[in-house]
Amino acid sequence: MKIIGTGSALPEKIVTNDMLAGFLETSDSWITTRTGIKTRRLLSKETLGELAITAATAALESSGVAPENIDYLICSNVANSYVTPSMSSIILGLLGCNCPCTDLNGACAGFIYALDIADAFIKTGRAKNILIVAAEEPSRFCNWHERETSVLFADGAGAVVVTEGEGFKDFRVTADTHTDVLYYKRAMEATPYDRVESKTTPLVMQGREVFKLAVRACIKDCDIILEKNGMTGEDIDMYLLHQANLRIIDSIREHLEQPKEKFPTNLQKYGNTSSASIPILMDELSRGGVLKDGMNLLLSAFGGGFVTGAAILKWSSIDYPEIEEPVHEPAV
Ligand code: UT7
């Protein structure tokens, strides 16, 4: 399986650390030194569905695959205002696709989980062209009266089209039950038989625990997938890691003893966009000409559950149709 098209979309609204410090007990220096985040994009005027469609349309256009030739659509999403229908159902018809579709909740590792499933569908001949859209609005389930989570998360969408061909070498996806370190509980309707009050609990996160679990798990995933494929950290040209925290990325980089240039980041501008973070970064790097034909890439992400995903692939460059303006600023 290989990636033949990418796209991404971010909300218009830019929110700086200083803007948050205006109503939360926090500061630009705390957020910057603890996370690396300087600004983030938050949904205000747009809907998540609109972002998903913009990202998916750009991915389809760059792939050259017509919407009606997509055989399967997977949307990676943790939560949005609809429990049903799925986000994939909402965007399917608007894109002009006519195929089965489903949502997948692999938390921040959801994009890699979706790629892994797409790879299995393509290998078994169940599908030829698959559209994966990661669309996330974690800002809508943070508690905006608490500084612990609301300074970290942000909204965005990234998409890829995958098809048959040489590209992905291997996947490693893991899951381990740690449901207490990162969760968001949604209220359910009352019934005559269950009178326990059902309340929404905005995102709860034990930051330090998640940090430790993330570093430990991602290092393990990288070591195992590299060794299994007879590779070392040297053989990877670029690491596209989940954009949660610069210190997490640095810890993984230090373990792998690889130079900073191999670890592109955009969390400084966009914050943590959950499962959309890797496809947004990938789209920026690919459109910016940073990802070159034949480069070996390692993707790695972690998320609530606790789940992780890693993948190794050889990149094939993509010819993007001419556009008047870049979709958004390039990654640093
Ligand atoms: O996609 C997965 C999502 N989750 C993550 O990736 C989160 C992983 N964890 C982290 O990134 C880090 O743990 C955080 C950035 C969340 C926190 O950094 P930390 O270095 O682990 O700080 P801490 O939680 O140990 O808190 C240190 C202090 C505490 O005050 P005291 O107890 O030392 O007085 C916190 O109350 O910083 C305080 N604090 C804040 N201060 C200013 C916590 N949040 C903030 C804040 N602004 N936003």
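About the cut-offs
- Residues numbered from 1 in each chain as written.
- Predicted model: local features only at pLDDT ≥ 70, side-chain atom pairs only at ≥ 80, totals over all residues.
- Heavy atoms only, no water.
- Phe/Tyr/Trp six-rings, centres within 6.5 Å; stacked < 30°, edge-to-face > 60°.
- Helix = DSSP H or I, 4+ residues; strand = E, 2+ residues; numbered from the N terminus.
- Buried < 20%, exposed > 50% of the residue type's maximum accessible area, 1.4 Å probe, protein only.
- Pairing = 2+ DSSP bridges.
- Axes fitted to C-alpha atoms, helices over the stretch in contact; angles between N-to-C directions.
- Polar contact = N/O pair within 3.5 Å; in protein donor to acceptor, adjacent residues only side chain to side chain.
- Contact = heavy atoms within 4.5 Å.
- Near = heavy atom within 4 Å.
- Areas by Shrake-Rupley, 256 points an atom, 1.4 Å probe, with all protein chains shown as cover.
- Nonpolar A, V, L, I, M, F, W, Y, C, P; charged D, E, K, R; others polar.
- Salt bridge = Lys/Arg side-chain N within 4 Å of Asp/Glu carboxyl O.
- Disulfide = S-S within 2.5 Å.

Visitor: Help me out: how do you make sense of the packing of aromatic side chains in this one?
Guide: The relative placement of two aromatic rings is captured by the distance of their centres and the angle of their planes. If you walk through the whole model with that rule in mind, you get 6 aromatic pairs. Ring centres of tyrosine 72 and phenylalanine 121 lie 4.7 Å apart, and the angle between their planes is 70°; this geometry places the pair in the edge-to-face category. In this pair, tyrosine 72 sits in strand E4 (residues 72-76) while phenylalanine 121 sits in helix H5 (residues 110-123), placing the two residues 49 residues apart along the sequence. Accessibility assignment for this pair places tyrosine 72 and phenylalanine 121 in one class, buried. For the ring pair tyrosine 239 and phenylalanine 263, a centre distance of 4.5 Å and an interplane angle of 5° mean the geometry is stacked. With tyrosine 239 in strand E11 (residues 238-241) and phenylalanine 263 in the loop between helix H8 (246-256) and helix H9 (267-270), this residue pair connects regions lying 24 residues apart in the sequence. Judged by its relative accessible area of 6%, phenylalanine 263 falls in the buried class.

Visitor: Just checking my understanding: could you explain the sheet that holds strand E13 (residues 305-314) for this structure?
Guide: Hydrogen bonds between backbone groups are what pair the strands of a sheet, and the pairing can be parallel or antiparallel. Strands sit in the order E8-E13-E12-E11 across an open sheet of 4 strands; the sheet is mixed. Strand pairing shows two members of the sheet lacking a second neighbour, strand E8 (168-178) and E11, which therefore form its edges. The mean angle between the axes of side-by-side strands here comes to 10°, regardless of whether they run parallel or antiparallel. Where E8 lies against E13, 8 bridges are found, and the strand directions are antiparallel. Of the residues in E13, the one forming a bridge with aspartate 170 is isoleucine 312.

Visitor: For this particular structure, what's the right way to read the side chain of arginine 41?
Guide: Summarising the element assignment, arginine 41 is placed in strand E3 (residues 39-42). Only 2.9 Å separates the side chain of arginine 41 from the backbone oxygen of proline 11, close enough to count as a polar contact.

Visitor: Even after reading the chapter, I still don't get the environment of aspartate 155, so can you show me in this structure?
Guide: Looking at the secondary structure, you find aspartate 155 in the loop between helix H6 (147-150) and strand E7 (156-163). Classification of aspartate 155 as buried rests on a relative accessible area of 0%. Sequence spacing of aspartate 155 and leucine 10 is 145 residues, and the spatial spacing of their C-alpha atoms is 6.9 Å. For aspartate 155, the residues in contact, after removing those within four places along its chain, are Leu10, Pro11, Arg41, Leu42, Leu43, Glu136, Glu137, Pro138, Ser139 and Thr273.

Visitor: Any chance you could explain the site of the ligand here in plain terms?
Guide: As a matter of local geometry, the ligand sits amid 22 residues, with Thr26, Arg34, Arg208, Asn245 and Asn272 nearest to it. Note that a nitrogen atom of the ligand is positioned 2.6 Å from one of the side-chain N or O atoms of threonine 26. Within the complex, the protein chains bury 76% of what would otherwise be the 950 Å² of accessible surface of the ligand. When contributions to the shell around the ligand are tallied by element, the ones reaching two or more residues are helix H2 (28-35), helix H7 (207-228) and H8. Classifying every residue of the shell around the ligand gives 11 nonpolar, 6 polar and 5 charged.

Visitor: Explanation requested: the pattern of salt bridges in the structure shown.
Guide: Side-chain pairs of opposite charge can arise whenever the charged atoms involved come near each other. Taken as a whole and judged by the stated rule, the model has 11 salt bridges. Measuring nitrogen to oxygen at the nearest pair gives 3.7 Å for the salt bridge that ties lysine 269 to glutamate 284. With lysine 269 in helix H9 and glutamate 284 in helix H10 (residues 277-287), the pair connects residues that are 15 residues apart, well separated along the chain. For the residue pair lysine 269 and glutamate 284, the accessibility class agrees, reading buried in each case. Each of Glu25, Arg147 and Glu148 takes part in one network of salt bridges that share partners.

Visitor: What's the story with the state of the cysteines in this structure? I'm lost.
Guide: By definition, a disulfide is the covalent link that joins the sulfur atoms of two cysteine residues. Across all of its chains, the model carries 0 disulfides by this definition. The thiol of cysteine 97 is not disulfide-bonded; the next cysteine sulfur, from cysteine 99, is found 5.1 Å away. Residue cysteine 97 is classed as buried on the basis of its relative accessible area of 7%.

Visitor: What is the right way to read the sheet that holds strand E1 (residues 2-9) from this model?
Guide: Strand order in the open sheet formed by 5 strands is E1-E7-E6-E4-E5, and the pairing between neighbours is mixed. In this open sheet, the two edge strands, each paired with only one partner strand, are E1 and strand E5 (101-104). Going from strand to strand, the sheet's axes swing by 20° on average, the running direction of each strand aside. Two elements, E4 and strand E6 (residues 130-136), share 5 bridges in a ladder whose sense is parallel. Bridge pairing links tyrosine 72 to isoleucine 130 in E6.

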